[in-house]
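Chain and residue survey
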Amino acid sequence: MNETALQEISDQLVRYLKHVMPEASGFEVSDLARIHGGASRETYRLKLSYATEGRERVRGLILRRDPVGSLIDTDRRLEFTAYAGFHGTQVPVPAALFIEEDLKWMERPFFIMERIDDCEVASPFQPSPYDDFGSRMGEQFFSILGSIAAQDVEATGLRELVEVPGLEACWDKELSHWEKVIDDDELEPQPIARAAIRYLRRNPPPPAQRLSVVHGDYRTGNFLYDSEGTIKGILDWEMVHIGDPMEDFGWATNPLWAHGTPEKVGGMCSLQDAIGYWETASGLKFDKQAYEWWLIFNCVKGLGIWISSSKEYADGENHDPVLALAGWICTSAHNKILVELLKDKEG
Amino acid sequence: MKPNLGHALATEALTLIGEISPLVAGSYREGSINTIGAMLMMASIEQERAAENSVNSITDMMALFMEAGAIVDGDLSERLKAAADREIESYLVSSLSAHRDDLQRLLIELQTYAEAMGAGGQALRKRIWGVLEREADRNIMALG
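This structure is a prediction, so every number in the text was calculated from the model and none was measured.

Parameters and conventions
Residues numbered from 1 in each chain as written. Chains lettered and ligands numbered in written order. Predicted model: local features only at pLDDT ≥ 70, side-chain atom pairs only at ≥ 80, totals over all residues. Heavy atoms only, no water. Buried < 20%, exposed > 50% of the residue type's maximum accessible area, 1.4 Å probe, protein only. Helix = DSSP H or I, 4+ residues; strand = E, 2+ residues; numbered from the N terminus. Pairing = 2+ DSSP bridges. Contact = heavy atoms within 4.5 Å. Buried area = accessible area lost by both parts, 1.4 Å probe. Salt bridge = Lys/Arg side-chain N within 4 Å of Asp/Glu carboxyl O. Polar contact = N/O pair within 3.5 Å; in protein donor to acceptor, adjacent residues only side chain to side chain. Axes fitted to C-alpha atoms, helices over the stretch in contact; angles between N-to-C directions. Parallel < 35°, antiparallel > 145°, perpendicular 65-115°, else oblique. Left-handed = near helix turned anticlockwise from the far one by under 90°.

The side chains of a regular strand alternate, residue by residue, between the two faces of the sheet. Residues and elements named next belong to chain A. Burial analysis of strand β2 (residues 42-52) places eight of its eleven residues in the buried class, the great majority of the element. Where strand β1 (residues 25-35) and β2 come together, seven bridges link them in antiparallel fashion. What sits directly across from E28, in β2, is S49. Pairing of β2 with strand β3 (residues 55-65), which is carried by eleven bridges, proceeds in the antiparallel orientation. The residue bridging E42 from the neighbouring strand is R65, located in β3.

Written out as structure tokens, the structure reads:
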């Protein structure tokens, strides 16, 4: 992205902020730069200076703008509502500030949220990123996941935006969704995914214990942590929905996210410890049968994501190379994990 | 002697990641350059093994279909036998991929059939999962 394009975004932002913050003046945007993160939207960091109530203020912000070609996408409001709904709870998230769907400001819808500074995000492909404080991080990570499961769905404002399944229908809604993604987007036959889908339909899980907010992509690599190993922000809520909380647990503990240490879920702690932290925070009881179903399901969901990314890249809709790379590495990894999970059950 | 393609791709990947990427450290481009470097590294591995992997997939499925053609009934049996007899027409990777895809579509059909066979299909199901396991193993992509 060149300087002219960045200047254009900066000017557009100032015009917008003058509109939504009429009490403030002297707006100045600095350090504006595009960053990686949340591949579904263009993400920028910036510093905003302004004056209000007679005082100068400086604030770090994140701008998330829809990519070209997704103007009818409604997920941005979902993501924004999730940030707003969890802010101030035990689930650390940046404050959601403004959402704008009128195209006159920046050609595409966008939202603005607070920036959390002095933190890191681990790459899922980085070996052992949490070496020094893995177990402490695991306790926080799975306790926060339990807190998401415990959150009153009504209080988040998400119920109005998404389909709410019955307790016994959560699994079918999600499996049907991801099966359709694979149907629509596969570039080549997927015998392992198809075998897994048939298995999941023949062996449904028990009904959800509770309808909860499901983050949808709760995993290593999607949170910010500081140099002391404290988790400061849970990010990437694009796939948030209401469903069975075991879905998130099965994704967070998927072997793909183990950073090469299969004995540690998320590269952080043992599965047994993770279960304990999650049960304490969620008030739910871990159910092995449900977990095994959601673990296999999440490999199918992962394949849906990677197949969809590959299609987007192959069609030229999105040139981000991370889509192709994920299609290569993660598809083969999830196929292998599925074979390991299913070959003795089915063969 | 000309440079080996895999070696050249891997060398240029390391140049991108080790020399060019640090020049734009901290920027959006840094992430993109590192990802492109990783893609080149993957391409260096894949160009070496792609034809062999496809041929192994094809022959593995053809052997399975030969056996399964004698076990299953009707139209599926005929199509399995025909697929087992089909010769490899070209060793271009695109042609091998298309051949493998045709067989994989039939494999999905066969496995669905075997799942409906009940206890009598146990050996066939086990045999199919063996094919799937080898397929998953040969296609693993890892940077390490």
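Listed as interface residues are 32 residues of chain A and, on the opposing side, 32 residues of chain B. Counting the surface lost from both chain A and chain B, the interface buries some 2,800 Å², and carbon and sulfur atoms represent 66% of this. Linking chain A with chain B are five salt bridges, by the criterion used here. A salt bridge links K343 of chain A to E133 of chain B, with the nearest nitrogen and oxygen atoms 2.7 Å apart. For the interface between chain A and chain B, the tally reads nine residue pairs in polar contact (both at pLDDT 80 or more).

Another point: the packing of helix α10 (residues 321-346) of chain A against helix α5 (residues 122-139) of chain B. The contact between α10 of chain A and α5 of chain B brings their axes to 9 Å, and the two run at 160°. Classified by the angle between their axes, α10 of chain A and α5 of chain B sit roughly antiparallel to one another. Where α10 of chain A crosses over α5 of chain B, the two elements pack in a sense that is left-handed. Taken together, the residues of α5 of chain B that come into contact with α10 of chain A (itself represented by S332, N335, K336, V339, E340, L342, K343 and E346 of chain A) are R125, W129, L132, E133, A136, D137 and N139 of chain B.

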